[in-house]
Each structure stands twice: as C-alpha cells, then as structure tokens.
Amino acid sequence: MSRKGIYEIPKPEDVLRISIEILEEYGIVSSLKMLTKLVNMRARTENSRWRIGPQRLRKIVAVSKKVEIDVITKETGERLEGDVKCMVCGEAMRPEMNRTLDGDVVVLGYVCGNCGYRTGMEKKAPLRYTFRLR
Ligand SMILES: [Zn+2]
C-alpha cells in the first residue's frame, strides 16, 4: 500500500464545520498557517486519516460566506492586468467598470464573483490572512 493511501481528504462540509468550531472557540485566527494547524488537530480527533491543506481550507471557508477573511497585502508597484485571480479563493476576478461623464469606461478595480473579495488596480501580494466568523 502506498503511503499516500493512509490519508483521506475530508469533504468540504466537514472542513467548514470544523473551521467554524475553531473560530467559535478562538474568535479570531490571524494566519492561514495557524488555522490550518488548528483545523487539522481537531479533524484528527474525528478521523486520524484526515489531512487538510492550507489552500483548500482557505477556498472552502472563503466561498462559504460564513467566514470573514481579511488579507494583509504588500504593494508590488505593478498594475493588475490580464487574467486576475482572486488571492482569497483562487477564482478569476471580473473588472468593476464605471463610465465617466465624458462617456469613457474606466476600470475601478476587480471583484471576485465566487467569494466577494474586491481589490483596486494595483497588484498586491498576500502577506497574512485573518479569519473570523461573519
Ligand atoms: Zn474569491
């Protein structure tokens, strides 16, 4: 049996339920690394084979709309262009447009239709994620 076979990936509803339990208990968890650790510790008390990775965990809680995620970002000095991916859930973002009095269309920023995250025109790098219940 391969080593990989000893792990199981819990269903999204289990990941979300455990995440909510953790956030009810701690109130606020101020890094993705810490949330991943706490959720995995709790998950293993239910099923010792369960393993939850940080990217998957972040996406599941982001799309649930039950968890508020704040992102502390670092400025890069570059402008966003082309295909913009959401730094919270990883989905494609769409531009938010506005029309000026002159009739020109300007892009104000980008919004994620999947999790609701908004960002301006500047490209930023995520430094730290903070999680709390909505
Ligand atoms: Zn998103």
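Note that the structure is a prediction, hence the values are computed from the model and not measured. (Residues numbered from 1 in each chain as written. Predicted model: local features only at pLDDT ≥ 70, side-chain atom pairs only at ≥ 80, totals over all residues.)

Engineer: Mind showing me how you'd approach the nonpolar core here?
Structural biologist: One recurring pattern in soluble globular proteins: nonpolar side chains tend to sit buried together. The biggest cluster of nonpolar side chains holds 25 residues, and the ones touching the most others in it are Leu 35, Val 39, Leu 57, Val 61, Ile 69, Val 88 and Phe 131. When residues of this core are traced back to their parent elements, those giving at least two are helix H1 (12–26), helix H2 (32–46), helix H3 (54–64), strand E2 (67–79) and strand E6 (122–133). (Core = buried A, V, L, I, M, F, W, Y, C linked by C-beta atoms within 7 Å. Buried ≥ 20, exposed ≤ 12 C-beta atoms within 10 Å, placed from the backbone. Helix = DSSP H or I, 4+ residues; strand = E, 2+ residues; numbered from the N terminus.)

Engineer: Got a minute to help me understand the packing of H1 against H3 in this structure?
Structural biologist: Helix-helix packing is characterised by the crossing angle of the two axes and by the distance between the axes. Relative orientation of the contacting elements H1 and H3 amounts to 80 degrees, with a least axis distance of 10 Å. Of the possible angle classes, the one that applies to H1 and H3 is roughly perpendicular. From H1, Pro 12, Val 15, Leu 16 and Ser 19 reach across to H3, where they touch Leu 57, Ile 60, Val 61 and Ser 64. Considered class by class, the residues forming the contact of H1 with H3 number six nonpolar, two polar and no charged. (Axes fitted to C-alpha atoms, helices over the stretch in contact; angles between N-to-C directions. Parallel < 35°, antiparallel > 145°, perpendicular 65-115°, else oblique. Contact = placed C-beta atoms within 7 Å. Nonpolar A, V, L, I, M, F, W, Y, C, P; charged D, E, K, R; others polar.)

Engineer: Is there a simple way to explain the sheet that holds strand E4 (residues 105–112) in this structure?
Structural biologist: In a beta sheet, neighbouring strands are held together by backbone hydrogen bonds and run either parallel or antiparallel to one another. Taken in spatial order, the three strands of this open sheet run E3-E4-E5, and their pairing is antiparallel. What marks the edges here is a single partner per strand, and that holds for strand E3 (93–99) and strand E5 (118–119). Bridging between E4 and E5 involves two bridges; their strand directions are antiparallel. If you follow Tyr 110 over to E5, its bridge partner there is Thr 119. (Pairing = 2+ DSSP bridges.)

Engineer: For this particular structure, what's the right way to read the environment of Glu 24?
Structural biologist: Here Glu 24 is to be found in helix H1. Glu 24 gets classed as exposed once you count the C-beta atoms within 10 Å, which come to 9. Taking the C-alpha atoms as reference points, Glu 24 and Arg 132, 108 residues apart in sequence, are found 8.4 Å from one another.

Engineer: I tried to follow H1 on my own but got confused; where do I start?
Structural biologist: Each turn of an α-helix holds 3.6 residues, which means side chains three or four residues apart point in the same direction. End to end, H1 covers 21 Å across 15 residues, agreeing with the expected 21 Å (1.5 Å per residue, within 8%). For H1, the full list of buried residues reads Val 15, Ile 18, Ser 19, Ile 22 and Leu 23. On an axial view of H1, the arc spanned by its buried residues comes to 135 degrees, and they lie on one face. Those residues of H1 that are exposed and angled more than 90 degrees off the buried face are Glu 13, Glu 24 and Glu 25. A positive phi of about 80 degrees marks Gly 27, the residue just after H1. (Expected span 1.5 Å × (residues − 1). Arc of directions from axis to C-beta.)

Engineer: Sorry if this is basic, but what is going on with the environment of Arg 128 here?
Structural biologist: When you line up the elements, Arg 128 lands in strand E6. As a C-alpha pair, Arg 128 and Leu 16 span 112 residues in sequence and 20 Å in three-dimensional space. Those residues in contact with Arg 128, other than ones at most four positions away along the chain, are Ser 30, Ser 31 and Ile 72.

Engineer: Got a minute to help me understand the pairing of E6 in this structure?
Structural biologist: It is a general feature of regular strands that their side chains alternate between the two faces of the sheet. Here strand E1 (residues 28–29) pairs with E6 via two bridges, running antiparallel. Each residue of the ladder has a partner; that of Ile 28, found in E6, is Arg 132. Taken together, the 11 bridges between E2 and E6 define a ladder with antiparallel strand orientation. Bridging across to E6, Glu 78 finds its partner in Lys 123.

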